[in-house]
Amino acid sequence: MTANPWVRPYVLTGGRTQTNHQLYVHTLVSAKHFDARAAAKLSPESRRLYDRVRLGPQSVAELSAHCGISLGVTRVLLEDLASTEHLQIAEGAYDSPFDHRLLKRVIDGLSELG
């Protein structure tokens, strides 16, 4: 199931594009318990994310892909769900595991090829 193509992303997020936390594509999200009553009150997009997380911890990218919601909208909606304690964002998930110097060298090398 994909997001409604007629609803603009800014409508789904209330115009917000930024989150308080850096949610990387590999940041893991989980739910300690599933509250069916709370789920019934969520928007369809938030509910899809919440329903999916109850299957087990998943990355932001996995949730975005499985729910058919753009990555930017997924990040905002996940943060909303976490702020209401529906979801938990993995501790320490905000530090990138990648060596930024190595990535810069790879990008520079690729730029030289093109």
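Residues numbered from 1 in each chain as written. Predicted model: local features only at pLDDT ≥ 70, side-chain atom pairs only at ≥ 80, totals over all residues. Heavy atoms only, no water.

For the protein, the name recorded in an unreviewed UniProt entry is DUF742 domain-containing protein, with Nocardioides luteus as its organism.

**What to know about the packing of aromatic side chains**
Tallying each qualifying case throughout the model produces one aromatic pair. Between F34 and Y50 the ring centres are 4.7 Å apart and the planes differ by 25°, which places this aromatic pair in the stacked class. Residue F34 is found in the loop between strand 1 (28–30) and helix 2 (36–40), and its partner Y50 is found in helix 3 (residues 44–53); the two are separated by 16 residues along the sequence. Accessibility expressed as a relative area gives 26% for F34, which makes it partly exposed. For Y50, a relative accessible area of 1% translates into the label buried. Between R54 and the ring centre of F34, over which it is positioned, the NZ or CZ distance is 4.1 Å. (Phe/Tyr/Trp six-rings, centres within 6.5 Å; stacked < 30°, edge-to-face > 60°. Helix = DSSP H or I, 4+ residues; strand = E, 2+ residues; numbered from the N terminus. Buried < 20%, exposed > 50% of the residue type's maximum accessible area, 1.4 Å probe, protein only. Lys NZ or Arg CZ within 6 Å of the ring centre and 35° of its normal.)

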